[in-house]
Amino acid sequence: MKRAKNIKDEIIDIDTGAVVIGSDIHIPFQDDDAVLAFCAYIERHPVHTVILNGDVLDMFMLSRFTKGEGRNPLEEIEECRKLLQRIKKAAGEHANLYYVIGNHETRLERYVLNKAPELASLIEDVFTIIKAEDYGFTGCASVTINDKIVVKHGTLLGNKSGLSAIKEMEASYMSGATGHTHRLCKYIARKAGRKFFWMETGCLCGLNPEYMVNPDWQQGFARIDFIGGKVENAKVIEIENGDVLD
């Protein structure tokens, strides 16, 4: 098994074009209307790059928090493959596609290492199991654009929208975008004469999951536009009841 810590970061250069970032779909707890809205947006708006920023899968049965009836991991994986194919079609043949590993994707690794470490050498990493490359997606730990903006799933949490963005920016000392919190926010700061921004990119999962009561989540995604290698615009885009509010 290829350990998550050994999955590499991707470094890319973009002169002109749009990057769309979606995260936290949590198959099988996805909101089908939100996912449809995300794919339709990509289809309607020419994009240079699409980044799925982690927790596309939930790996519900492999969680130490699992309660009640579970889901078969194979069913999640098959549904994920259909989604990757759908996004590839929506984005077009010239778009670059990346799939950043999230903490839920690493549940497979943790489960094997905790429950059956003797079998670790026989188990493929999650991107190989999903067959991400067959759908044009490069599996990675993060994506850094033009040496200025990092897109990663994120690990630093806050209990309100924006607090995670502040923590991630201060830890990275650069601009970026993270998922993980299921909240939407764009935080802007100026340090030592330089402008920075950090976005929390919301989620595409249901807002009323069976395992939580009334979570403070927001559906949506993020977009960054580049012209001449510089950021022309960076924004979070809300989805409400299956409609893109842009």
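Bear in mind that the values here come from a model prediction, so they are computed numbers and not experimental data. (Residues numbered from 1 in each chain as written. Predicted model: local features only at pLDDT ≥ 70, side-chain atom pairs only at ≥ 80, totals over all residues. Heavy atoms only, no water.)

> How should I be thinking about the sheet that holds strand β13 (residues 243–245) in this particular structure?
As a general point, the strands of a sheet are linked pairwise by backbone hydrogen bonds and lie either parallel or antiparallel. In space, the 7 strands of this open sheet follow the order β5-β4-β3-β2-β11-β12-β13, with mixed pairing throughout. A strand with exactly one partner marks an edge of an open sheet, and here the two such strands are β5 (137–140) and β13. Sheet twist, expressed as the mean angle between neighbouring strand axes with direction ignored, is 25°. The pairing of strand β2 (residues 17–22) with strand β3 (residues 49–52) spans 4 bridges and is parallel. Note on β3: the bridge partner recorded for Val19 is Thr49. Contacting β2, β3, β11 (220–227), β12 (230–240) and β13, helix α1 (residues 32–44) runs over the sheet at an angle of about 170° to β2. (Pairing = 2+ DSSP bridges. Helix = DSSP H or I, 4+ residues; strand = E, 2+ residues; numbered from the N terminus. Axes fitted to C-alpha atoms, helices over the stretch in contact; angles between N-to-C directions. Contact = heavy atoms within 4.5 Å.)

> I would appreciate a short explanation of the side chain of Ser23 in the present structure.
As for its placement among the helices and strands, Ser23 is situated in the loop between β2 and α1. Within the local environment of Ser23, its side chain forms a polar contact with the side chain of Thr201, the two groups lying 3.1 Å apart. Setting aside its immediate chain neighbours within four residues, Ser23 contacts Asn53, Gly54, Gly179, Thr201, Gly202, Cys203 and Leu204. (Polar contact = N/O pair within 3.5 Å; in protein donor to acceptor, adjacent residues only side chain to side chain.)

> What should I look at first to understand the nonpolar core in this one?
Nonpolar side chains tend toward joint burial in soluble globular proteins. Counting 43 residues, the largest nonpolar core has Phe38, Ile42, Leu84, Ile87, Tyr99 and Phe137 as the members making the most contacts within it. Those elements that provide at least two residues to this core are α1, β3, α2 (73–91), β4 (96–100), α3 (107–115), α4 (126–130) and β12. Not counting residues within four places of it along the chain, the set of residues in contact with Phe38 comprises Val20, Ile21, Gly22, Val50, Leu52, Ile87, Leu204, Phe221 and Ile239. Of all hydrophobic cores here, the second largest spans 19 residues; its members include Tyr98, Val143, Ala177 and Ile224. (Core = buried A, V, L, I, M, F, W, Y, C linked by side-chain atoms within 4.5 Å. Buried < 20%, exposed > 50% of the residue type's maximum accessible area, 1.4 Å probe, protein only.)

> Can you walk me through the pattern of salt bridges in this structure?
Opposite charge on two side chains permits pairing when their charged atoms draw close. In total, this model carries 6 salt bridges according to the counting rule given. In this structure, the salt-bridge partner of Asp58 is Arg107, at a minimum N-O distance of 3.4 Å. Here Arg107 lies in helix α3 and Asp58 lies in the loop between β3 and α2, a separation of 49 residues in the sequence. Here Asp58 falls in the buried class, since its relative accessible area comes to 2%. (Salt bridge = Lys/Arg side-chain N within 4 Å of Asp/Glu carboxyl O.)

> Looking at this structure, I do not really get α1. What am I missing?
In an α-helix, one full turn covers 3.6 residues, which means residues spaced three or four apart are oriented alike. Relative to the 18 Å expected for 13 residues at 1.5 Å per residue, α1 spans 18 Å between its end C-alpha atoms, a close match to the ideal helical length. Restricting attention to buried positions, one finds in α1 the residues Ala34, Val35, Ala37, Phe38, Cys39, Tyr41 and Ile42. Packed against the buried residues of α1 are β2, β3, α2, β11, β12 and β13. A distance of 2.9 Å separates the backbone nitrogen of Asp33 from a side-chain oxygen at the start of α1, and that oxygen is part of Asp31. (Expected span 1.5 Å × (residues − 1).)

> Quick question: what am I supposed to make of unusual backbone geometry here?
Negative phi characterises most residues that are not glycine, and trans characterises most peptide bonds. With omega at 15°, the peptide bond leading from Ile27 into Pro28 counts as cis. With respect to the helices and strands, the residue Pro28 is situated in the loop between β2 and α1. The residue Asp24 is not glycine, and still its phi comes out positive at about 55°. Assessed through its relative accessible area of 0%, Asp24 is described here as buried. A positive phi angle, near 75°, is found at His180, a position not held by glycine. Topologically, His180 is positioned in the loop between β8 (175–178) and β9 (184–191).

> Got a minute to help me understand the layout of surface pockets in this structure?
Taking a probe equal in size to a water molecule and rolling it over the atoms shows the remaining empty space. Of the pockets and cavities examined, the largest pocket occupies roughly 710 Å³. Looking at the largest pocket, it is lined by 29 residues, and the ones nearest its centre are Ser63, Phe65, Asn103, His104 and Arg107. In terms of residue class, the lining of the largest pocket is built from 9 nonpolar, 10 polar and 10 charged. Size it by volume and the second largest pocket reaches roughly 330 Å³. Along the walls of the second largest pocket sit 18 residues, with Lys148, Ser175, Lys195, Phe197 and Val231 positioned nearest its centre. Listed by contribution, the elements that provide at least two residues to the lining of the second largest pocket are β10 (194–201) and β12. Residues belonging to the lining of the second largest pocket are distributed by class as follows: 8 nonpolar, 4 polar and 6 charged. (1 Å grid on protein atoms, 1.4 Å probe; cavity = no way out; pocket = protein on both sides within 12 Å on 5 of 7 lines; lining within 4 Å. Points joined across faces, edges and corners; volume = space filled by probe spheres on them. Nonpolar A, V, L, I, M, F, W, Y, C, P; charged D, E, K, R; others polar.)

> Quick question: what am I supposed to make of a negative patch on the surface here?
Among the surface-exposed residues, Asp32, Asp33, Glu79, Glu238, Glu240 and Asp243 lie close enough to one another that they form a single negatively charged patch. Of all the elements in the fold, those that place two or more residues in the negative patch are α1 and β12. With respect to the helices, strands and loops of the structure, Asp243 is situated in strand β13. Look at Asp243 and you get partly exposed, because its relative accessible area is 47%. (Patch = residues over 30% accessible without salt bridge, like charges linked within 9 Å, V, L, I, M, F, W, Y side chains within 5 Å. Areas by Shrake-Rupley, 256 points an atom, 1.4 Å probe, with all protein chains shown as cover. Lys, Arg positive; Asp, Glu negative; His and termini not counted. Charge placed at Lys NZ, Arg CZ, Asp CG, Glu CD.)

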